Amino acid sequence: MSSEQVAEHYNAVKEVGVEKRTESRIFYMRNFNNWVKSMLINEILGHLRQDGVQFPRVLDIGCGKGGDLRKWDIARVSSVTMTDIADVSVEQAKGRYEEMKDRNRRNFFFPAEFIVADSTKDDLMEKYANKMPFDISSCQFSLHYSFCDEQSARTYIRNAVGNLKPGGFFIGTLPDANRIVWAARQGNGMFKNAVCSITFENTEQLLNEQLPHFGAKFHFTLDEQVNCPEFLAHFSLLQKILVDEFDMDLVFVRQFPDAAKKWMASREGRELASKMRALEKYPPFPGQNPSGEADEYGYAEEQLKKMNEDGNKQKYIECLSKSEWEAVCMYLVFAFRKRKPEPEKKPEEEVKEAEEDRKRKCPAEDEAAGDEVLEKRQKTEEEESGQEQGKDNGEQGGAE
Ligand SMILES: C[S@@+](CC[C@H](N)C(=O)[O-])C[C@H]1O[C@@H](n2cnc3c(N)ncnc32)[C@H](O)[C@@H]1O
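The rules we used
Residues numbered from 1 in each chain as written. Predicted model: local features only at pLDDT ≥ 70, side-chain atom pairs only at ≥ 80, totals over all residues. Heavy atoms only, no water. UniProt positions renumbered as here; feature names shortened; annotations may be inferred. Phe/Tyr/Trp six-rings, centres within 6.5 Å; stacked < 30°, edge-to-face > 60°. Helix = DSSP H or I, 4+ residues; strand = E, 2+ residues; numbered from the N terminus. Buried < 20%, exposed > 50% of the residue type's maximum accessible area, 1.4 Å probe, protein only. Lys NZ or Arg CZ within 6 Å of the ring centre and 35° of its normal. Contact = heavy atoms within 4.5 Å.

Per an unreviewed UniProt entry, the chain goes by the name mRNA cap guanine-N(7) methyltransferase and belongs to Diploscapter pachys. Database annotation for the chain, UniProt heading Subcellular location (unreviewed entry): "Nucleus". Regarding the chain, the UniProt comment filed under Sequence similarities (unreviewed entry) reads as follows: "Belongs to the class I-like SAM-binding methyltransferase superfamily. mRNA cap 0 methyltransferase family."

As structure tokens, then:
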């Protein structure tokens, strides 16, 4: 699968209007994924604000049709660079941006740059008109395509984090390689439910061998849409490359269910989920249909029953259908942070640190040395006091 084929595939994906989107079997799952991205951005904005960055500069790599532009607007960014390999998608992203700009009533609307580039081959730095470093580099559902081979993955990673400010963040969402392999192995090489399916190119290898670090090809179809082949990106490998070679530290990695649990615990998270319709109400309101078949809501029914037994007069529960939930469980959300250079030390701090270090390394020697010093000091004091006494005596004698 070449990058050109990825571009061709995404260029061919039609933009769907709001009405059609509402009818989709994975309407809530899509909203849920968007909510995860929004919450991720919010969490990172919190860190940046603590560091005094109020209006971050953003790189959106693998931006697609610009689905996150509204999130960047809400995040009050100072500017955004949107880049993707699919030229038609970038054009649509630009169109979406122009529409937003036209509708904007504030004095300021963030400037944006749009770049068509293959981030597994091109050097993005050469293509930026604004070369100022970024506070956030965001890579949503895209990085794993570059794991087709080692060089492509390394080039993509360099493009993603190479122009980050110290203290800047690299954030993203990614298929969870462990979970995907586990699910496919459970199903003897295939996973399938009402909304998605996963198959591996090399079933023999999946079932009997260790999978390669790069080039482990699988097919993920969602909502019956034919997708282009994807590649496993093993998170531990990504982490090692970022930590060892790009001065990045892991802030967190969470499976989607864990991330949801954490963010739903806050009022802000729940309110946003409700606003974005990230969850489905079950049972649905009169006149409405659930998005999945009846057997997709067994867990929701059980929870509702339990709540009512506990005395809560609960009429409905918010959930995802079983198949959509299984699909969101296949993803990870992560954040890395670019290390800041250590502040230069003052000479006296260095002396103090060296002294503490020496004490830590050889405490016994230090004690012995301490005893010696003490002994010497006692001796000197005794001698001095003897001399003083002699002096006093002499003086006194002389006076007498
Ligand atoms: C699943 S879409 C995600 C789009 C968007 N980030 C979002 O969250 O909605 C994956 C995107 O990655 C892009 N992509 C894949 N390989 C790429 C490459 N080598 N360079 C740049 N973009 C790439 C695709 O064109 C596609 O737009």
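### With respect to the packing of aromatic side chains
Under the definition given, this model contains 23 aromatic pairs. Here the aromatic rings of Y97 and F109 are separated by 5.5 Å at their centres, their planes lie at 45°, and the arrangement is tilted. You can see Y97 sitting in helix 5 (residues 87-103) and its partner F109 sitting in the loop between helix 5 and strand 3 (112-116), a full twelve residues away along the chain. Across the pair, F109 and Y97 agree in class, each one buried. Each residue in the set F32, W35, W263 and W325 is aromatic and connected to the rest through ring pairs, giving one cluster. The ring of F252 carries R254 above its face, with NZ or CZ at 3.7 Å from the centroid.

### Observations regarding the UniProt feature "site: mRNA cap binding" (unreviewed entry) in the chain
In the UniProt entry, the feature "site: mRNA cap binding" (unreviewed entry) is given for K65, K71, R96, H144, E230 and Y331. A maximum C-alpha distance of 26.9 Å is found for the annotated residues, which run over 267 residues; spatially they are spread out rather than grouped. Looking at the secondary structure, you find H144 in the loop between strand 4 (134-140) and helix 7 (150-161). Not counting residues within four places of it along the chain, the set of residues in contact with H144 comprises L174, P175, E230, F231 and A233. Among the structural elements, E230 can be located in strand 9 (residues 230-231).

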